[in-house]
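Here is how the chains run, residue by residue.
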Amino acid sequence: MRTVLIRTDNLALSEKLEIDLITLGYHPLSHVSGTPDILIVDQYELGKMRDDVFKGVVLAILNEVTDKVAGQLLKATDVLIDPYDTAELGLRLKLAQVRCGITNSEPVENTLVIGGMVINFDGYEVMIDGNLLDLTFKEFELLKHLSSHHGRVYTRDQLLNAVWGYDYYGGTRTVDVHIRRLRAKLGRYESLIETVRNVGYRFRKQDQT
């Protein structure tokens, strides 16, 4: 069971974190007895940290990302925006452990991470900077299909069959409309879905992001 040290003067946040960590199978520490596996800090504690003070997983919980805070984010392995839910906390902790090379941690399955975007294929969720996107089922299915085969070009007919099914009688214009809506919701990550002229669409390879 991995140990977690919480550093915050916010009693309500500390109590919620302790309950959530226990629910997720972690062991929150009330004091330092040795080196914890994971350090969770709030915005104030993050600002006080030196870059070399802790070499393990550092999860920063922030109320918002401001210009002042942005300069401190390199000290953290990952960032969680409060208020959060337990499932998101668990996912962020798993991802942070993977990024730190903790190979004996529980693997993050069916999850694609690109910068600040996390696509949870099993949970049918997409988060950008900790914010859950409001995607329709078809929009998610399009994103899932394209991102699961990044670099491969799909024609509109192929996407129509893969997402809507062979018994769908609508035209390929449906694909264009959904792609446009999906791009709008992806914000700064919209360019990951590329248009291949006279052919169709593809998801940009991860090594190009």
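The sections below set out a description of the structure shown in this document. (Residues numbered from 1 in each chain as written. Predicted model: local features only at pLDDT ≥ 70, side-chain atom pairs only at ≥ 80, totals over all residues. Heavy atoms only, no water.)

Some remarks on the environment of leucine 182
- Structurally, leucine 182 can be placed in helix H7 (residues 173-186).
- Sequence separation between leucine 182 and leucine 135 is 47 residues; the distance between their C-alpha atoms is 7.6 Å.
- Leaving out residues up to four positions away in the same chain, leucine 182 has contacts with Leu135, Glu139, Leu142, Leu143 and Ile193. (Helix = DSSP H or I, 4+ residues; strand = E, 2+ residues; numbered from the N terminus. Contact = heavy atoms within 4.5 Å.)

A look at the sheet that holds strand E10 (residues 154-155)
- Pairing within the open sheet is antiparallel, and its three strands lie in the order E10-E12-E11. This sheet does not close on itself; its edge strands, each paired only once, are E10 and strand E11 (193-196).
- Where E10 and strand E12 (residues 200-203) come together, two bridges link them in antiparallel fashion. The residue of E12 that forms the bridge with threonine 155 is glycine 200.
- Here H7 sits on the sheet and contacts E11 and E12; the angle it forms with E11, its principal contact strand, is near 145°. (Pairing = 2+ DSSP bridges. Axes fitted to C-alpha atoms, helices over the stretch in contact; angles between N-to-C directions.)

Things to note about the pattern of salt bridges
- For the coordinates displayed, the defined rule picks out seven salt bridges.
- One salt bridge connects aspartate 176 with arginine 156, and the closest N-O pair in it is separated by 2.7 Å. Of the two residues, aspartate 176 sits in helix H7 while arginine 156 sits in helix H6 (residues 156-164), which places them 20 residues apart along the sequence.
- The exposure class assigned to aspartate 176 is buried, which follows from its relative accessible area of 15%.
- The class of arginine 156 is partly exposed, set by a relative accessible area of 23%.
- If you follow the salt bridges from partner to partner, you end up with Glu194, Arg202 and Arg204 in one network. (Salt bridge = Lys/Arg side-chain N within 4 Å of Asp/Glu carboxyl O. Buried < 20%, exposed > 50% of the residue type's maximum accessible area, 1.4 Å probe, protein only.)

Examining the sheet that holds strand E6 (residues 111-114)
- Sheet architecture is open: four strands sit in the order E6-E7-E8-E9, paired in antiparallel fashion. Bordering the open sheet on either side are E6 and strand E9 (131-132), each of which pairs with just one other strand.
- Seen against the sheet, helix H4 (residues 86-99) touches E6, strand E7 (117-120) and strand E8 (125-128) and runs at an angle of roughly 70° to E6.

Description of the packing of aromatic side chains
- One pass over the full model with this rule turns up two aromatic pairs.
- Aromatic pair tyrosine 124 and phenylalanine 137: ring centres 5.9 Å apart, planes at 10°, arrangement stacked. Here tyrosine 124, found in the loop between E7 and E8, pairs with phenylalanine 137, found in helix H5 (residues 137-148); they are 13 residues apart in sequence, far enough to count as distant.
- Pairwise contacts between aromatic rings join Tyr124, Phe137 and Phe140 into one cluster. (Phe/Tyr/Trp six-rings, centres within 6.5 Å; stacked < 30°, edge-to-face > 60°.)

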